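# Summary of the model geometry
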Amino acid sequence: MFSEADLIAIGLTLRLAFTVTVILLIIGTPIAWWLARTDSWWRGPVGAVVALPLVLPPTVLGFYMLVAMGPNGYLGQLTQALGMGLLPFSFWGLVLASVVYSLPFVVQPIQNAFESLGNRPLEAAATLRCGPWETFFYVVLPLTKPGFLTAAILGFAHTVGEFGVVLMIGGNIPNETRVVSVQIYDYVEALEYGQAHILSIAMIVFSFLVLLGVYGVRRHANVSSLMKARK
Amino acid sequence: MANTPSMLRARVKLERQSAQHRFCLDVDCELPDSGVTAIFGASGSGKTTFLRCIAGLERPGQGEVVVAGQAWQQGTSFTPAYQRSIGYVFQEASLFEHLTAKGNLLFAMKRADQKVSDDYYQEVISLLGLETLLQRFPIELSGGERQRVAIARALLIQPKLLLMDEPLASLDQARRQEILPYLARLREVFAIPILYVTHSIDEIVQLADHVLVLQDGKQIAEGELTEVLSQPDLPMFTGFDAGTIWQGQVIERSETWHLAQVECAQGVSVWGRDTGISVGQTLRIRILARDVSITLEDATASSILNKISAKILRIDPDLDEAMLLVRLQCDVLSLTARITKRSAHELDLSIGQQVVAQVKSVALVC
């Protein structure tokens, strides 16, 4: 069914999406925390910047990332100085671009969960000898689990589905940057519709299952809040 | 009162500016190291904010909070809430929803200031009647049950000071009656000093030994319960709920009539409904001003049981324009009668006059 090239592309895609999701959960959580709790004037502008990838064409984002990561860009000079070479057309270049591109899909669900949590559980924890970190891991995290789950699923799925940014930054190198969406594009270019069908249908099934998962999480959260309301 | 051991010294200054109004809390007090101290005031008087300052949940711009010899706030040093030896009961139970009742208690026990002994745990559980609730999640508990778990949780952290912010306010009357006895027992069983925020005189009468009264962010009275509650000028003692608290000893019980006689001062005693108390027991009685009427001479035939001769000290206006509050002196005790202006006029009451106060009902509390 899948050709060997397909399997490589699928493996690469999953590896990319997994890496990006892990990184996004780590950096997205403090951003979401800050956005949910700050009174600062910066909240608006920072929130808008985080949400930008929602509305920008991926090509715009990819273009500027390419410039920044290039030999004359700030990022490019930094990675060169660190002896890492240049990022464009490499797996880690794709990771970096995807992190930026999928950021809002991870930050926003977590931010919503933090906002609806409110202050009270944190205060209750503080009166029970919980320092800030302990409070986060033993109170905040378990109470906002559905938000984190939604964030992880959306971040993963969105990274799997990206195309424009990959094309701009990564090009088309097997097992380095040729992800499933690019592979499909290649098949269509070469008029190999049969192969394109197989991968495309696989993507549709995958996306459907992901969304089913998200709604499952939401419904679960709704049911418990419903039970609360009924009391 | 330089010699009384004062466990809690609090000087707190805090300003809040919002669009509509400016709130300023400015309290400086020393509170005793045992028993229940009620922090009393109308809503917006700053009592909750004061409690939060002591807990460290609020950071006053200027302040000093010293509890049991430990400075929690002094100068620029500020101990965060999680390092203070407090237990806190919020107005809404604020249990952790992801944990069962037992999980919530274990959460506190793991972090308790001293290791929680089995005996102590059992005592808390049975005092608050939690035996059958432990496996349930907070959403499966009623409001009253949740609040009981929250109180147990605060006790199990083994604090030096227990802070309670209107723990009954979010409950209906029936639930309140369900929890009050637990609180009264808590006061007797555990030697933890309690700061208890409330706007209910009933709760104060049943629970408090000491009272701090706040109004618009300032303290307007502080002292022993009976002492403070006999100050008639305090604003909460006007209006429909105005009343007096007396303390006395049961000197007689009448089985036939289900009544008990309580002597509150030399020659001043009242009859109230016998609630199963024993002779010699000390208790508090509450007399509402609206239940007190005034006659000029001792009317012989009357359905009213309690007639106390008294002298008129003052006559104050009431919040209600048709009413007056007549402040009376009965031996060393004071009493307030709430009567209509018309009656006062018809009886031609004047300050210093001897009258007879008729008390329609008295409530014997605890």
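Residues numbered from 1 in each chain as written. Chains lettered and ligands numbered in written order. Predicted model: local features only at pLDDT ≥ 70, side-chain atom pairs only at ≥ 80, totals over all residues. Heavy atoms only, no water.

## A look at the UniProt feature "domain: ABC transmembrane type-1" (unreviewed entry) in chain A
Under the feature "domain: ABC transmembrane type-1" (unreviewed entry), the UniProt entry names residues 10–214 of chain A. In residues 10–214 of chain A, the share of helix is 79% and the share of strand is 0%. The end C-alpha atoms are 22 Å apart. (UniProt positions renumbered as here; feature names shortened; annotations may be inferred. Helix = DSSP H or I, 4+ residues; strand = E, 2+ residues; numbered from the N terminus.)

## A short note on the confidence of the model for chain A
It should be kept in mind that the predicted coordinates are not to be read in detail where pLDDT is low. Averaged over all residues, the pLDDT of chain A equals 90, while 95% of them reach at least 70. No element of chain A has a lower mean pLDDT than helix 11 (residues 193–230) of chain A, which averages 79, and none a higher one than helix 6 (residues 120–126) of chain A, which averages 96. (pLDDT = per-residue confidence, 0-100.)

## Section: the interface of chain B and chain A
With 24 residues of chain B at the contact, the number on the chain A side is 21 residues. When residues of chain B are sorted by the area they lose upon contact with chain A, Tyr82, Arg111 and Ile139 of chain B head the list and together hold 33% of the total. Counting across the interface, chain B meets chain A through 4 salt bridges. Note that Glu92 of chain B and Arg120 of chain A form a salt bridge whose closest N and O atoms lie 2.6 Å from each other. (Contact = heavy atoms within 4.5 Å. Buried area = accessible area lost by both parts, 1.4 Å probe. Salt bridge = Lys/Arg side-chain N within 4 Å of Asp/Glu carboxyl O.)

## Some remarks on the domain arrangement of chain B
All names here are of chain B. Assigned domains within chain B: domain 1 (7–237) and domain 2 (243–365). If you average the C-alpha positions of domain 1 and of domain 2, the two centres end up 33 Å apart. In this complex, domain 1 contributes 16 residues to the contact, which on the side of domain 2 involves 10 residues. Contact between domain 1 and domain 2 buries roughly 1100 Å² in total, counting both sides, with carbon and sulfur atoms accounting for 52%. The tally of links between domain 1 and domain 2 comes to 1 salt bridge. Of the charged contacts, one joins Arg284 and Asp209 as a salt bridge, the two residues approaching to 3.7 Å between their closest N and O atoms. (Domains from an automatic or database assignment.)

## Some thoughts on the pairing of strand 11 (residues 218–224) of chain B
All names here are of chain B. Of the strand pairs in this sheet, strand 10 (residues 210–215) and strand 11 are connected by 6 bridges, and their pairing is antiparallel. Considered in strand 11, the bridge of Val213 is made with Ala221. Hairpin remark: strand 10 followed by strand 11, antiparallel, with 2 residues in the connecting loop; positive phi at Asp216, about 45°. (Pairing = 2+ DSSP bridges.)

## Regarding empty space enclosed by the protein
Where empty space is left becomes clear once a probe the size of a water molecule has been rolled over the atoms. Residue and element names in this part refer to chain B. Enumeration over the complete set of coordinates arrives at 4 cavities of 30 Å³ or more. The calculated volume of the second largest cavity comes to roughly 40 Å³. Taken together, Val36, Met164, Leu183, Leu186, Arg187, Ile194, Tyr196 and Leu207 make up the full set of residues lining the second largest cavity. Of all the secondary-structure elements, those providing two or more residues to the lining of the second largest cavity are helix 5 (173–189) and strand 9 (194–198). Top contributing element to the lining of the second largest cavity by residue count: helix 5, with 3 residues. Within the lining of the second largest cavity, the residues separate by chemical class into 7 nonpolar, no polar and 1 charged. (1 Å grid on protein atoms, 1.4 Å probe; cavity = no way out; pocket = protein on both sides within 12 Å on 5 of 7 lines; lining within 4 Å. Points joined across faces, edges and corners; volume = space filled by probe spheres on them. Nonpolar A, V, L, I, M, F, W, Y, C, P; charged D, E, K, R; others polar.)

## Quick notes on the packing of helix 3 (residues 118–127) of chain B against helix 5 of chain B
Residue and element names in this part refer to chain B. Between helix 3 and helix 5, whose axes approach to 10 Å, the crossing angle comes to 150°. With respect to helix 5, the axis of helix 3 lies roughly antiparallel. Contacts between helix 3 and helix 5 involve Glu123, Ser126 and Leu127 on the former and, on the latter, Tyr182, Arg185, Leu186 and Val189. In the contact of helix 3 with helix 5, the residues fall into 4 nonpolar, 1 polar and 2 charged. (Axes fitted to C-alpha atoms, helices over the stretch in contact; angles between N-to-C directions. Parallel < 35°, antiparallel > 145°, perpendicular 65-115°, else oblique.)

## A closer look at the side chain of Glu166 of chain B
Examined against the element boundaries, Glu166 of chain B turns out to sit in the loop between strand 8 (161–165) and helix 5. Look past the residues within four positions of Glu166 of chain B in its chain and what remains in contact with it is Lys47, Gln91, Val197, Thr198 and His199 of chain B.

## Considerations on the environment of Gln183 of chain A
Residues and elements named next belong to chain A. For Gln183, the location among the structural elements is in helix 10 (residues 180–189). Under the relative-accessibility criterion, Gln183 is labelled buried at 2%. Residues Gln183 and Ala126 lie 57 residues apart in sequence; the distance between their C-alpha atoms is 52 Å. What Gln183 contacts, discounting residues up to four positions off in sequence, is Ala5, Asp6, Ala9, Arg178 and Leu199. (Buried < 20%, exposed > 50% of the residue type's maximum accessible area, 1.4 Å probe, protein only.)

## Side note on the sheet that holds strand 15 (residues 282–288) of chain B
All names here are of chain B. What the 5 strands build is an open sheet, ordered 14-13-12-15-21; its pairing is antiparallel. One side of each edge strand has no neighbouring strand; the edge strands of this open sheet are strand 14 (268–273) and strand 21 (363–365). If you compare each strand with its neighbour and ignore which way they point, the axes differ by 45° on average. Where strand 15 and strand 21 come together, 3 bridges link them in antiparallel fashion. In the sheet register, Ile285 faces strand 21, and the bridge partner there is Leu364.

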